[in-house]
Amino acid sequence: MAACVSRVELSVTCRDLLDRDLGSRSDPLCVVLQDAGGGCWAELDRTERIKNCQTPEFCKKLVVDYYFEKVQKLKFGVYDIDNKSFDLNDDDYLGGIECTLGQVVSSSVFTRPLELKQGKPAGKGVITISAEEIKDTRVVYLEIEARNLDKKDLLGKSDPFFELYKQSDAGTWQLVYRSEVVIKNNLNPCWRKFSVPLQTFCSGDFNKPLKVQCADHDSDGSHDLIGTFETNLAQLQKAGDGSAVEFECIHPEKKRKKKNYKNSGIFRIKSCKIETEYSFLDYIMGGCQINFTVGVDFTGSNGDPRSPDSLHYISPDGINEYLVAIWSVGSVVQDYDTDKLFPAFGFGAQVPPNWQVSHEFPLNFNPSNPYCQGIQGIVDAYRQILPQIRLYGPTNFSPIINHVARFAAHSAQQGTASQYFILLIITDGEITDLDQTRQAIVNASKLPMSIIIVGVGEADFKAMEFLDGDNGVLKSLTGEPAARDIVQFVPFRQFKNAPREALSQTVLAEVPKQLVSYYRWQGWPPVKPPEVKTM
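Residues numbered from 1 in each chain as written. Predicted model: local features only at pLDDT ≥ 70, side-chain atom pairs only at ≥ 80, totals over all residues. Heavy atoms only, no water.

## Let's talk about the pairing of strand β9 (residues 138-147)
Counting buried positions over the 10 residues of β9 gives eight, a clear majority of the element. As judged from the 10 bridges shared by β9 and strand β16 (residues 266-276), these two strands associate in the antiparallel manner. The residue of β16 that forms the bridge with E145 is R268. In terms of strand pairing, β9 meets strand β12 (residues 194-197) through four bridges, oriented antiparallel. The residue bridging V139 from the neighbouring strand is P197, located in β12. (Buried < 20%, exposed > 50% of the residue type's maximum accessible area, 1.4 Å probe, protein only. Helix = DSSP H or I, 4+ residues; strand = E, 2+ residues; numbered from the N terminus. Pairing = 2+ DSSP bridges.)

Rendered as structure tokens:
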């Protein structure tokens, strides 16, 4: 396995984008995908969406692992987003480019014309990408408010937001943060606490010039400047412990024209703290074990395993979609588990000797010790059990999710980042206990646990896509939202002709983020934290 040399963050700006909206301008978002082989592209990251803008400067940085020894083919796509769906297939494509990460990191600024397809320009659209290596894992946390801002709206007060810029080595101003919440009709706004990686914030230089620009938000994108001021992190750090740091917000034109002009409001930095943010590798190298559990769907809708058109039919070369999914995901995860003992369960079948339907029976028929030795052990147990059970139903996910959740809850009680649990469910997709499964996932979202669902066959997987919280936060039947997104769903059919590693790369892509988000939410450092190396 290639060693990741470093991580880079990519800043993206565009100009002269195509206008796809009637009566207003496009609402662009940029996505970066990496070539996963076999004609498949795996999404790595995406920016925020900016409303009514044909010259966007995206605030959200795209973070990519950089491998010197690999040719990393990337695809940048810009889309006009007019709905809340996470899926970009229903959004207008404004153009894109293909390049390698090597081309981007070897250029101080990488600019290319956008294309709708190869050889067909996207109007005059241009994309500019600049890369910066992430060398520092510290994060700046800020709380900011303002007082007595200038009134900009005729019929109401201002709707203020602010943008924070750092000065680049070339002397230009680069956007590092845009306040999320537009506070309407308020000249004394108090914005919610936010964080920016120290590297993004000031490139690790506490004296690097910073500029804060405050404006009145207009829905058509023509924001009115309220005022601006310059500072640096060293000055901001004086805030905290009840004492705020204040800056006058100055409008250059007003200052030039009005003799008695004082300011256009006061910005107050209530607190500024710098903390270390740990990575996935910090937790893994610090002693966190990943526990892998498999759940296999043995319901009747899969078809009789003896029939070649069954999803459980084992072909003459010894495989089926269930086995490929187990091998693909398990072969990656097993490296992070020292004992290589994996519990494996089936659900939805009638099992001997009483032929009762079970929704969590061990594949080795040993309830007191459901562990299989390595991924090969799971494969062997699956092959042995297939002729001994009767495929039946219904398709209930909640029992096996709750089973793994009990172990995750027990581990969480220790209060350390020592155990994380991954449940792989392989199913043909016709789920019958959707409400109970929603509740089980919401409960599990508060635990050190991730769920991967691989859908086999040609079924309609709408229920699975609903459980994957990409289209918004998953909620239980009572309306309780998931604490974090822990489900990743992938239909196997998208990877039928792709290399085996393409499936594992896609389904496991979210796990590092999910693991880190859980421990960060709990405030737990790695069991053995890395030595802090400051710049």
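Structure's up, so let's keep going.
## Overview of the domain arrangement of the protein chain
Its domain assignment divides the protein chain into domain 1 (6-134), domain 2 (138-276) and domain 3 (288-522). Placing the centre of domain 1 and that of domain 3 at their C-alpha centroids yields a distance of 33 Å. Every contact between the two is made by nine residues of domain 1 and, on the other side, nine residues of domain 3. Between domain 1 and domain 3 the total buried area reaches about 610 Å² when both faces are included, carbon and sulfur atoms providing 57% of it. A per-residue breakdown of the area domain 1 buries against domain 3 is headed by A36, C40 and F86, which together make up 59% of the total. Viewed at the interface, domain 3 and domain 1 are joined by zero salt bridges. Linking domain 1 to domain 3 there are zero residue pairs in polar contact (both at pLDDT 80 or more). Among the elements of the structure, β2 (28-37) and β3 (40-46) are those that each provide at least two residues to the side of domain 1 that touches domain 3. (Domains from an automatic or database assignment. Contact = heavy atoms within 4.5 Å. Buried area = accessible area lost by both parts, 1.4 Å probe. Salt bridge = Lys/Arg side-chain N within 4 Å of Asp/Glu carboxyl O. Polar contact = N/O pair within 3.5 Å; in protein donor to acceptor, adjacent residues only side chain to side chain.)

## Some details on the nonpolar core
Residues F292, F298, L363, I378 and M449 are the most contacted members of the largest nonpolar core, which totals 87 residues. Viewed by domain, this core spans two of them, domain 1 (6-134) and domain 3 (288-522), each represented by three or more residues. Setting aside residues no more than four positions away along its own chain, I378 makes contact with F292, V294, I326, F342, A344, L363 and C372. In this structure, L149, F162, L164 and L210 belong to the second largest nonpolar core, which totals 30 residues. (Core = buried A, V, L, I, M, F, W, Y, C linked by side-chain atoms within 4.5 Å.)

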